[in-house]
Amino acid sequence: MGAIDAATRLIAVTKDEGLVGIAQTMLLIVQSSLDGRIPETVERLSELAERQRLNGDTHFEGITYLNMAMAQRAIGDARGTLDSATMAVGLLESSSAGAEVASARSVRAWALFHLRDPKEARAELALSLAETNETIRMDALMEGAEMEAFYGDESSAPDYIAELRAMGAAADWAVRVTMVTAAYVALRQGGGAEGGGRGG
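Residues numbered from 1 in each chain as written. Predicted model: local features only at pLDDT ≥ 70, side-chain atom pairs only at ≥ 80, totals over all residues. Heavy atoms only, no water.

1. Quick look at the nonpolar core
Inference 1: Ranked by internal contacts, the top residues of the largest apolar core, which has 23 residues, are Leu129, Tyr160 and Leu164.
Inference 2: Secondary-structure elements contributing two or more residues to this core are helix H5 (78–93), helix H6 (98–114), helix H7 (118–129), helix H8 (134–150), helix H9 (157–166) and helix H10 (172–177).
Inference 3: In terms of residues, this core owes the most to one element, H8, which gives six residues.
Inference 4: Apart from the residues within four sequence positions on either side, Leu164 is in contact with Met138, Leu141, Met142, Ala171, Ala174, Val175 and Thr178. (Core = buried A, V, L, I, M, F, W, Y, C linked by side-chain atoms within 4.5 Å. Buried < 20%, exposed > 50% of the residue type's maximum accessible area, 1.4 Å probe, protein only. Helix = DSSP H or I, 4+ residues; strand = E, 2+ residues; numbered from the N terminus. Contact = heavy atoms within 4.5 Å.)

2. Topic: the side chain of Arg105
Inference 1: Examined against the element boundaries, Arg105 turns out to sit in helix H6.
Inference 2: Here Glu93 takes part through its side chain, which lies 2.6 Å from a polar atom of the side chain of Arg105. (Polar contact = N/O pair within 3.5 Å; in protein donor to acceptor, adjacent residues only side chain to side chain.)

3. Thoughts on the environment of Ile63
Inference 1: Within the element layout of this structure, Ile63 appears in helix H4 (residues 58–74).
Inference 2: The class of Ile63 is partly exposed, set by a relative accessible area of 21%.
Inference 3: A C-alpha to C-alpha distance of 8.0 Å links Ile63 and Glu100, two positions 37 residues apart in sequence.
Inference 4: With residues near it in sequence (within four places) discarded, Ile63 still touches Leu92 and Glu100.

4. Some words on the packing of aromatic side chains
Inference 1: Enumeration over the complete set of coordinates arrives at two aromatic pairs.
Inference 2: Measuring from centroid to centroid gives 6.5 Å for Trp110 and Tyr151, while their planes differ by 90°, and the two rings are edge-to-face. Within this pair, whereas Trp110 is found in helix H6, its partner Tyr151 is found in the loop between H8 and H9, the two being separated by 41 residues in sequence. (Phe/Tyr/Trp six-rings, centres within 6.5 Å; stacked < 30°, edge-to-face > 60°.)

Listed below in structure tokens is the structure:
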């Protein structure tokens, strides 16, 4: 329970509103993962984002909206996810590093796929994949494979997995994560489960 202890201590010792917000968000996320009360967490994150807006904490507000979008995705609230992720992108583009914007775009892409707007979803995913941070790019490729397999064009999913393979040993863990997606696509297409992509 180290994360809970650290967040609780941070709240106790700091007067920085931004740091308090980060700690409160951490507590909300950890607690919801333990008790499953995600809708309540979304509501409290919304309240936190409003306080951050009033305080002018643009960056922290963007991070809170990103966390809210992820929580909404976890309960299948596509419209809520889209709204929160869109807010996160707008706020983080003006206040944050590209990696956080890319994460928000990936979540937004999921919502758009879920809401049957694959063209716009792929546009968002392409922007996320343009991120140079290797770990963020791996996440985007994993999510792209899953989105295409379950919501879009399943024949495109192996291409994302092939890109992961091309990243070498650093991406081995990510390739393993996509094994279920690759197997699903293979079963649907009546082939093997290697997920090698075009020409692979």
